[in-house]
Amino acid sequence: MEILGNTLGEIAGEKAGIFKDRVPAFTVTQPEEAMHVLEEKASKLNVPLQVARPLDAKLLNGLTLGLEGEHQFLNAGLAVALCSTWLKRTGHVGDTHFDQTGALREQFVKGLTNASLQGRAQIVTDRHFKSEQLNELVFFLDGAHSLESMEVCARWFSLAIKENNPNQTLFRQQPNNPKSSHEVVKMQHVERGFQRKSAPILLFNCLTVRDPQLLLPRLMETCADHGVYFKKALFVPSLSVYNKVGSQASTLSDSQVDLSWQFNLQGVWENLMQSNKAGKITDIVSEELKDDMEMSASNCEHSAVFSSLPMVIKWLRDRAQQNQSVRFQVLVTGSLHLVGDVLKLVKK
């Protein structure tokens, strides 16, 4: 909105700037206001604008998309339509991206199932620990920073932590009884005599142009709808705050870091926890995180502010090392800057 406009129509008009005279263009289903502008711009340039359909999962021959999330079937359908048209126009393939049996061509399936995009629905196990069998600390990274993408991110995380944690003790609400919505159901999956609790933690930052009063409630509510409750929320400034672009770029030193925005984020979260029913769930499973908060700049019941990202990573590693019966599952979201910084530190 800062750059492209304040309405869907204005933004769509800027996006349509990519249209070229008589060159085919593709989009996916859009809100009416945006689609009207796209069609109008296409008409003026004689652009054959086509709306790509979502990819049918059956065309993947039992495989899964390389990118997580239901919305990726929209993107996959768009990719297939775009690539197929380009290949036909350049004489590489025949009239269709399907083979003679009606199946999607092997090259398309391979591309869609092998596609990867760092920082979007990405799962990274911390390699700091020598014993890979324990995997005590796992980062779930998604650079969501809008209301819609935050909901998608929360839904992905809620499902992913259960798939990623075969031996666990989960705490969640009773699904079919509204009268017992605060009751806790203890789900145990024991294998080879070992039992591990799941400890979802939020690591969050967003730019000051974003509205945490919208983003954080949507994140919390979507996770709660899937029976996932954060044991602690950690707020920290990103490392990659550049004053200049290019070779003159520099990061702020610790002494220059202003934590007022992080304190604001913490306040929003604490207010949500106090007014939200989910707050009653966290007390049950937060014992592992109550101690050793001296490293934080501000510690509250449900959250903490840290002055630097390396300090957060160290604190998380210390908690995981001291509580090896717990799997710490950290959702990193709110900013692609934050996600990139975490990847840089964790993958060292």
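Before any of the text, the structure's been laid out above.
This is a predicted model, so every value here is computed, not measured. (Residues numbered from 1 in each chain as written. Predicted model: local features only at pLDDT ≥ 70, side-chain atom pairs only at ≥ 80, totals over all residues. Heavy atoms only, no water.)

Peer 1: Explain the overall build of the chain to me, and be specific about the residues and the numbers.
Peer 2: A tally of helices and strands in the chain yields 10 helices and 11 strands. Surface summary for the chain: the accessible area is close to 19200 Å², and the carbon and sulfur share equals 50%. (Helix = DSSP H or I, 4+ residues; strand = E, 2+ residues; numbered from the N terminus. Areas by Shrake-Rupley, 256 points an atom, 1.4 Å probe, with all protein chains shown as cover.)

Peer 1: Give me the nonpolar core: which residues, what numbers.
Peer 2: Grouped together as the largest cluster of nonpolar side chains are 32 residues, with contacts concentrated most on Phe157, Leu202, Phe204, Leu216, Leu219, Trp269 and Leu331. Elements represented by at least two residues in this core include exactly strand S4 (137-141), helix H5 (147-163), strand S7 (197-204), helix H6 (212-225), strand S8 (232-235) and helix H7 (260-275). No other element matches H5, which puts 7 residues into this core. Contacts of Leu331, omitting those with residues within four sequence positions, involve Phe140, Cys153, Trp156, Phe157, Ile201, Leu202, Leu203, Leu219 and Phe230. Of all hydrophobic cores here, the second largest spans 27 residues; its members include Phe139, Phe328, Val332 and Leu343. (Core = buried A, V, L, I, M, F, W, Y, C linked by side-chain atoms within 4.5 Å. Buried < 20%, exposed > 50% of the residue type's maximum accessible area, 1.4 Å probe, protein only. Contact = heavy atoms within 4.5 Å.)

Peer 1: Kindly report on the pairing of S4, identifying the contributing residues and their values.
Peer 2: When you tally the buried positions in S4, you get 5 out of 5 residues, the bulk of the element. The two faces of S4 match: Leu137, Phe139 and Leu141 on one face and Val138 and Phe140 on the other face are all buried.

Peer 1: Now, about the packing of aromatic side chains: what can you tell me, with residues and values included?
Peer 2: The full count for this structure, using the stated rule, is 6 aromatic pairs. Pairwise contacts between aromatic rings join Phe140, Trp156, Phe157, Phe230 and Trp269 into one cluster. (Phe/Tyr/Trp six-rings, centres within 6.5 Å; stacked < 30°, edge-to-face > 60°.)

Peer 1: Got a sec to walk through helix H2 (residues 32-44)? Specific residues and values, please.
Peer 2: With 13 residues, H2 extends 19 Å between its outermost C-alpha atoms, agreeing within 8% with the 18 Å of an ideal straight helix rising 1.5 Å per residue. For H2, the set of buried residues is Ala34, Met35, Val37, Leu38 and Ala42. One side of H2 carries all its buried residues, which in axial view fall inside an arc of 160 degrees. Turned more than 90 degrees away from the buried face of H2 sit Glu32, Ser43 and Lys44, all of them exposed. Just past H2, the residue Asn46 takes up positive phi, approximately 55 degrees. (Expected span 1.5 Å × (residues − 1). Arc of directions from axis to C-beta.)

Peer 1: Run through the side chain of Gln266, naming residues and quoting values.
Peer 2: Here Gln266 lies in helix H7. Of the polar contacts made by the side chain of Gln266, one reaches the side chain of Ser303; its length is 3.3 Å. The contact partners of Gln266, leaving out residues within four places of it in the chain, are Phe235, Ser298, Asn299, Cys300, Ser303, Ala304 and Val305. (Polar contact = N/O pair within 3.5 Å; in protein donor to acceptor, adjacent residues only side chain to side chain.)

Peer 1: Describe in detail the side chain of Asp142, supporting the description with residues and values.
Peer 2: Of note, Asp142 is situated in the loop between S4 and H5. When its relative accessible area of 8% is taken as the criterion, Asp142 is described as buried. Excluding its chain neighbours within four sequence positions, the residues that come into contact with Asp142 are Gly119, Arg120, Ala121, Cys153, Trp156, Val332, Thr333, Gly334 and Val339.

Peer 1: An account of the environment of His302 is requested, with residue identities and associated values reported.
Peer 2: Within the secondary structure, His302 is located in the loop between strand S9 (298-299) and strand S10 (303-305). Judged by its relative accessible area of 5%, His302 is buried. Considering only alpha carbons, one finds His302 and Lys232, 70 residues apart in sequence, at a separation of 5.2 Å.

Peer 1: Summarise the environment of Trp86; cite the residues concerned and give the values.
Peer 2: Tracing the sequence through the fold places Trp86 in helix H3 (residues 72-89). Expressed as a C-alpha distance, the spacing of Trp86 and Pro24, which sit 62 residues apart in the sequence, is 9.2 Å.

Peer 1: Before we move on, could you go through the pattern of salt bridges and cite the residues and values that matter?
Peer 2: Throughout the structure, instances matching the rule amount to 6 salt bridges. Arg22 is the salt-bridge partner of Asp21, the closest N and O atoms lying 3.6 Å from each other. Given the relative accessible area of 45%, Asp21 is considered partly exposed. Arg22 sits in the exposed class, given a relative accessible area of 56%. Note that Asp126 is salt-bridged to Arg317, the shortest N-O span being 2.8 Å. On the criterion of sequence distance, the pair formed by Asp126 in the loop between strand S3 (122-125) and S4 and Arg317 in helix H9 (residues 309-322) is long-range, its members being 191 residues apart. Here the two residues Asp126 and Arg317 agree in accessibility, since each one is buried. Overlapping salt bridges bring together Glu151, Arg155 and Arg218 as one network. (Salt bridge = Lys/Arg side-chain N within 4 Å of Asp/Glu carboxyl O.)

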